[in-house]
Amino acid sequence: MQDDRELVMSRIREALAPLKERAQYPEYDPELPVCRAHPEFADDWELFSHKMKQVNGTPLKGLDALGQWLAQQGFKLGYCDPALVETVRAHPAFAGITLETTFERSRVDDYTFGITQASGAIAETGSIVLKDSETSSRLGALAPWTHIAILKRARLYPDSITAISHFGDDPSIIWATGPSKTADVEGILIEGVHGPGVQVCCLLD
Amino acid sequence: MPTKTQQDIDRYARDLNPEVYTSVYGGTKATTEKRHDVLFHDYPDPDLLRRTAGEVKQHTLENLDTYLPKAEAALKANGAQVHFAADGDAANRIILEIMKANGAKSMVKSKSMVSEETGLGHFLEDNGMKCLETDLGEFIIQIDHDHPSHIVKPIAHKNRRDIAKSFEREGLGDYNDDPATITRRAREFLRGKYFEADVGLTGANFVSAESGRLAIVTNEGNARFCMAATPIHIGIVGIEKLIPHDRDLALFTSLIGRSGTGQHLTVYTQFINGPRRFGQPDGPEQMHVVFVDNKRTEVLASNCREILRCIRCGACLNVCPVYRQASGHAYRSVYPGPVGAVLSPLLAGTRFPELADLPKASSLCGACNEVCPVNIPIPDLLLRLRDKAKTEHAGRAMKGTPPMGMYGLLASQPHAWRAAMTMGAAMNLTPNAVMNIIPPAAAWNSCRQLPKWRGGKFRHWMKERGKN
Ligand code: SF4
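Since the structure is predicted, the reported quantities are computational estimates derived from the model, not experimental observations. (Residues numbered from 1 in each chain as written. Chains lettered and ligands numbered in written order. Predicted model: local features only at pLDDT ≥ 70, side-chain atom pairs only at ≥ 80, totals over all residues. Heavy atoms only, no water.)

Chemist: Sorry, what's going on with the overall build of chain B here?
Modeler: A tally of regular secondary structure across chain B gives 23 helices and ten strands. Each of the 468 residues in chain B was classed as buried or not, and the buried ones make up 62%. The contacts of chain B with a sequence gap of at least 6 include a subset with a gap of at least 24, amounting to 74%. As displayed, chain B has an accessible area near 17400 Å², and 54% of this comes from carbon and sulfur atoms. (Helix = DSSP H or I, 4+ residues; strand = E, 2+ residues; numbered from the N terminus. Buried < 20%, exposed > 50% of the residue type's maximum accessible area, 1.4 Å probe, protein only. Contact = heavy atoms within 4.5 Å. Areas by Shrake-Rupley, 256 points an atom, 1.4 Å probe, with all protein chains shown as cover.)

Following this line, the structure appears as structure tokens:
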């Protein structure tokens, strides 16, 4: 409502008018929110893996590792980003697994996993970054029990500050830090509430 | 009999169901410890983060006249539609209008404190719309016709047995109090609801004035599902949620996860400033943002404006000795705990006197200030409000509360208590009926219901236990 806009703005101006001076923006060190350094990890991937495991995520290095992991899961059908499907299919680990490149909402429970691209990852927190421009289907990355994000090494950022500097103009950016979870019931941790119960990040060099 | 010095809240604490006490006390204590560990592990000087974040928010509030139009412009430039609501009713009407204009009938909603303030869910239902809470805790609150007792953990006062009973009653499977089963059943039930809904509603934890980005944090992924399955996204946002730049989001997302739940980051941290991108098959084609005043500008004009820095992390609730004893419902308002003792009376506007006793529900131990990620001097604000209550002769700051007084009387007489407990179903009607004849309680009661009376079970259980 246009009237309400004017009303709210004028109330704000009136509320602030009596202030003799207004609080300054603290010009803080941009590195302030960056966590303590972890010299014990050889590189950002090692740190990322460690952090991702801490939140019960599954970091995997390379398609072979992904293939081995997949073999243990007994998956039959999943969703895959059309841009990745050739690479993934070419790998022997995917023989016998059906990959669909459109996500049909009416069959939401048929997909046991979804494979989409990660637009980035944050080493410090073990988070993957999903941008609308590079996620082929929001649902494909969210609804199946297992989500597999494929990450290029160049997109691995050390910290959240760096990830923010790569926001670009994307209207929907998600940092996913481990599987979906709740502790609403007596503080007991349960995974897979609405989103994935298993979150995988596979690094491709 | 209650002594004169006892406050309403003391009485509430004394009469609290022991099971509720155990849930609340255990939960708050564990979260407080986790918060401490994770902050001190990651930062050599966590206090510097808190102080800085407080200064950033204070600066933003005192320059809201520039930042709010800036956020508005950025959102519009990105294809989002921006609305302003002077009060809660206006916010509800705007949302109803958006739904009607699009022929929408149902909404899935993720957690939003401001929508609790405006009573959005009931308003929409009264106007023929469906409105379903998707956060597990809020969903349970909804099916129980209860109200949240904590701003981050709405069902802090319930245990798994309570929840299992509710699920059984609602036809969500046979009685099963295994938390994993409860969660899986909610997942299966709510899944279909997302796809049926026309609108997904979220709140926002922060809004960057620079880009208009709404930062929305959830652990369950329900806000994300609301924005993947529905064609319209509505964000309802208090005007105090702004921060100046995208880069400030690093500081605030880091603090909210650590302070609220002891996590480095909340599982899903989303930054949204427009409808879905061209080529994206899922998600909203429309994005609406409703900026809500609802007395925030009055608070901004008051000498308690620091409370508007609050990022609703719940750390002050968890650490507060009064909250731990009394639990959230004792505060009789949307915002419980130390933040609520300041914010609720202020947001009550002309009904300030009705909540003027809340600022006295504190020992002024200072723990709330110490943990607050935006360094709000809550004890100082409580003193300022006590002063306001005195100067305005707000009777309630001194007097007892009639309904709680009655409750207190009942609870202090073992015979009367036992008799009341066995009255069973009659008690389901009594508290509400009694409350409705007392104006302040009726006002509170008008937008919420007391939980269904389930008293007596604990005593029965104790007796049975004694036999074995
Ligand atoms: S007052 Fe501070 S500690 Fe309490 S909820 Fe708000 S931000 Fe958190």
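Chemist: Explain helix 3 (residues 62-73) of chain A to me, please; I cannot follow it from the model alone.
Modeler: The α-helix advances 3.6 residues per turn, and as a result positions three or four apart in sequence lie on the same side. All names here are of chain A. Under the 1.5 Å per step criterion, the end-to-end length of helix 3 is 17 Å for twelve residues, consistent within 8% with the ideal 16 Å. Those residues of helix 3 that are buried lie in contact with strand 1 (58-61), helix 4 (85-90), strand 7 (146-152) and strand 12 (198-204). Looking one or two residues beyond helix 3, the residue adopting positive phi is Gly-74, at roughly 70 degrees. (Expected span 1.5 Å × (residues − 1).)

Chemist: How do you make sense of the interface of chain A and chain B when you look at a structure like this?
Modeler: Note: interface size is frequently given as the accessible area lost on complex formation between the parts. Between chain A and chain B, the contact holds 74 residues from the first and 92 residues from the second. Regarding the contact of chain A and chain B, the summed buried area is about 7100 Å², with carbon and sulfur atoms giving 59% of it. Remark: the boundary between chain A and chain B carries six salt bridges. Here B:Glu72 ties to A:Arg5 by a salt bridge, and the two come within 2.6 Å at their closest N and O atoms. Counting every contact that joins chain A to chain B gives 49 residue pairs in polar contact (both at pLDDT 80 or more). Put simply, the parts of the chain that give the side of chain A that touches chain B at least two residues each are helix 1 (2-16), strand 6 (127-131), helix 5 (160-165), strand 9 (172-176) and strand 10 (181-182) of chain A. By residue number, the principal contributor to the side of chain A that touches chain B is helix 1 of chain A, which donates ten residues. (Buried area = accessible area lost by both parts, 1.4 Å probe. Salt bridge = Lys/Arg side-chain N within 4 Å of Asp/Glu carboxyl O. Polar contact = N/O pair within 3.5 Å; in protein donor to acceptor, adjacent residues only side chain to side chain.)

Chemist: It is not clear to me how the packing of aromatic side chains should be interpreted in this structure. Could you clarify?
Modeler: Scanning the model with the defined rule gives 16 aromatic pairs over all chains in all. Ring plane angle 25 degrees and centroid distance 6.4 Å describe the contact between B:Tyr323 and B:Tyr331, whose orientation is recorded as stacked. Since its relative accessible area comes to 0%, B:Tyr331 is described here as buried. In this structure an aromatic cluster arises from ring pairing among A:Trp69, A:Phe75 and A:Phe113. (Phe/Tyr/Trp six-rings, centres within 6.5 Å; stacked < 30°, edge-to-face > 60°.)

Chemist: In this structure, what is going on with the pattern of salt bridges? I would like to understand it.
Modeler: Side chains that differ in sign of charge can pair as their charged atoms come close. On inspection of all chains with the given rule, the structure shows 33 salt bridges over all chains. With a closest N to O distance of 2.9 Å, A:Arg22 and B:Asp65 form a salt bridge. Taken together, the positions of A:Arg22 in the loop between helix 1 and helix 2 (44-54) and B:Asp65 in helix 4 (residues 64-77) put the pair across two chains. When its relative accessible area of 28% is taken as the criterion, A:Arg22 is described as partly exposed. Accessibility expressed as a relative area gives 22% for B:Asp65, which makes it partly exposed. For B:Arg296, the salt bridge goes to B:Glu117, with nearest N and O atoms at 2.8 Å. Taken as a pair, B:Arg296 in helix 13 (residues 296-301) and B:Glu117 in helix 6 (residues 113-118) lie far apart in primary sequence, 179 residues in all. Grouping residues by exposure puts B:Arg296 and B:Glu117 together as buried. Among the charged side chains, a network of salt bridges with common partners joins B:Asp144, B:Asp146, B:Lys158, B:Arg169 and B:Glu170.

Chemist: Just checking my understanding: could you explain the sheet that holds strand 7 of chain A for this structure?
Modeler: Two pairing modes exist for strands in a sheet, parallel and antiparallel, and in both the strands are linked by backbone hydrogen bonds. All names here are of chain A. With parallel pairing, the six strands of this open sheet are ordered in space as 1-12-7-4-2-3. Each edge of the sheet is formed by a strand with only one pairing partner; in this case those strands are strand 1 and strand 3 (98-100). The mean angle between the axes of side-by-side strands here comes to 25 degrees, regardless of whether they run parallel or antiparallel. Here three bridges tie strand 2 (residues 77-80) to strand 4 (residues 113-117), and the two strands are oriented parallel to one another. When the sheet's bridge partners are listed, Tyr-79 is paired in strand 4 with Gly-114. Its contacts with the sheet place helix 3 against strand 1, strand 7 and strand 12, and it is angled at close to 150 degrees to strand 12. (Pairing = 2+ DSSP bridges. Axes fitted to C-alpha atoms, helices over the stretch in contact; angles between N-to-C directions.)

Chemist: Can you walk me through the site of the ligand in this structure?
Modeler: If you check the shell around the ligand, you find 13 residues, and the closest are B:Cys310, B:Cys313, B:Gly314, B:Cys316 and B:Cys372. Among the residues making up the shell around the ligand, the classes are represented as eleven nonpolar, one polar and one charged. (Near = heavy atom within 4 Å. Nonpolar A, V, L, I, M, F, W, Y, C, P; charged D, E, K, R; others polar.)

Chemist: What am I meant to see in the sheet that holds strand 9 of chain A here?
Modeler: Read across the sheet, eight strands follow the order 8(A)-5(A)-6(A)-9(A)-9(B)-6(B)-5(B)-8(B) without closing on themselves; strand pairing throughout is mixed. Of all the strands in the sheet, the pair left with one neighbour each is strand 8 (156-157) of chain A together with strand 8 (242-243) of chain B. In this sheet, strand 9 of chain A lies alongside strand 6 of chain A in antiparallel orientation, the contact comprising four bridges. Among the inter-strand pairings, A:Lys131 is bridged to a residue of strand 9 of chain A, identified as A:Ile173. Contacts from helix 12 (residues 248-261) of chain B reach strand 9 of chain A together with strand 5 (206-208), strand 6 (214-218), strand 8 and strand 9 (268-272) of chain B within the one sheet, and its direction differs from that of strand 5 of chain B by about 175 degrees.

Chemist: I'm lost on the environment of A:Leu142 in this one. Help?
Modeler: Structurally, A:Leu142 can be placed in the loop between strand 6 and strand 7. When neighbours within four sequence positions are excluded, A:Leu142 is seen to be in contact with A:His194, A:Gly195, A:Pro196, B:Gly221, B:Arg224, B:Phe225 and B:Ala228.

Chemist: Mind showing me how you'd approach the pairing of strand 10 (residues 286-292) of chain B here?
Modeler: Successive side chains on a regular strand alternate, one facing one side of the sheet and the next facing the other. Residue and element names in this part refer to chain B. Buried residues dominate strand 10, accounting for six of its seven residues. One ladder, built from five bridges, connects strand 1 (residues 81-85) with strand 10; its direction is parallel. Paired with Val-82 across the bridge in strand 10 is Val-289. Pairing analysis gives seven bridges linking strand 7 (residues 232-238) to strand 10, with the strands arranged parallel. By the bridge assignment, Gly-235 is partnered in strand 10 with Val-289.

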